[in-house]
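So the chains spell out like this:
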Amino acid sequence: MKTSLVTALQADAAAAPAAFRKVLTELDQKMTALAATGGDTAVTAAVKQLGAEAAKAAKAADPAAAADTPAFVKVGTDLATACKSVGVDVNF
């Protein structure tokens, strides 16, 4: 996703909102699908929350600004913490 976003922004900065919307929508879809395979764990809850925040940001007029919020950062931090608690190091 990062590569497609960088490519889109380099090609046409005016396309940035659409590019961010696409990336955030894909993030939501992937997190939702991943959460569906998990059980009742802190990791699954954090994955669901990250998907929900991505979906919310994707619907905003300015998706990049909507994703650049303390709430979005918190769900990323919560997911990293949940993953670390089960022995998985992640870097968002």
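Presented here is an overview of the structure given in this document. (Residues numbered from 1 in each chain as written. Predicted model: local features only at pLDDT ≥ 70, side-chain atom pairs only at ≥ 80, totals over all residues. Heavy atoms only, no water.)

**What to know about the overall build of the protein chain**
Definition in use: For helices the rule is a DSSP run of H or I covering at least 4 residues; for strands it is a run of E covering at least 2, with both sets numbered from the N terminus onward. Classification of residues uses two cut-offs on accessible area relative to the type maximum, computed with a 1.4 Å probe and protein chains only: under 20% is buried, over 50% is exposed, and between them is partly exposed. Contacts: residue pairs with any heavy atoms within 4.5 Å of one another. Each accessible area value is a Shrake-Rupley result obtained with a 1.4 Å probe; residue values ignore everything except the protein chains displayed when judging cover.
Counting secondary structure elements, the protein chain contains 5 helices and 0 strands. Mapped in sequence order, the helices and strands of the protein chain form the string α-α-α-α-α. Across the 92 residues of the protein chain, 29% fall into the buried class. Summarising the internal contacts of the protein chain: among those between residues at least 6 apart in sequence, 52% fall at separations of at least 24. By element, 62% of the accessible surface of the protein chain is carried by carbon and sulfur atoms, the whole surface being about 5800 Å².

**Observations concerning the nonpolar core**
Our working definition: We call a set of buried Ala, Val, Leu, Ile, Met, Phe, Trp, Tyr and Cys residues a nonpolar core when their side-chain atoms join them within 4.5 Å.
The biggest cluster of nonpolar side chains holds 16 residues, and the ones touching the most others in it are Leu24, Leu50, Phe72 and Leu79. Within the residue set of this core, elements represented by two or more residues are α2 (16-36), α3 (42-58) and α5 (70-85). Each residue touching Leu50, except ones within four places of it in the same chain, is listed here: Met31, Phe72, Val75 and Leu79.

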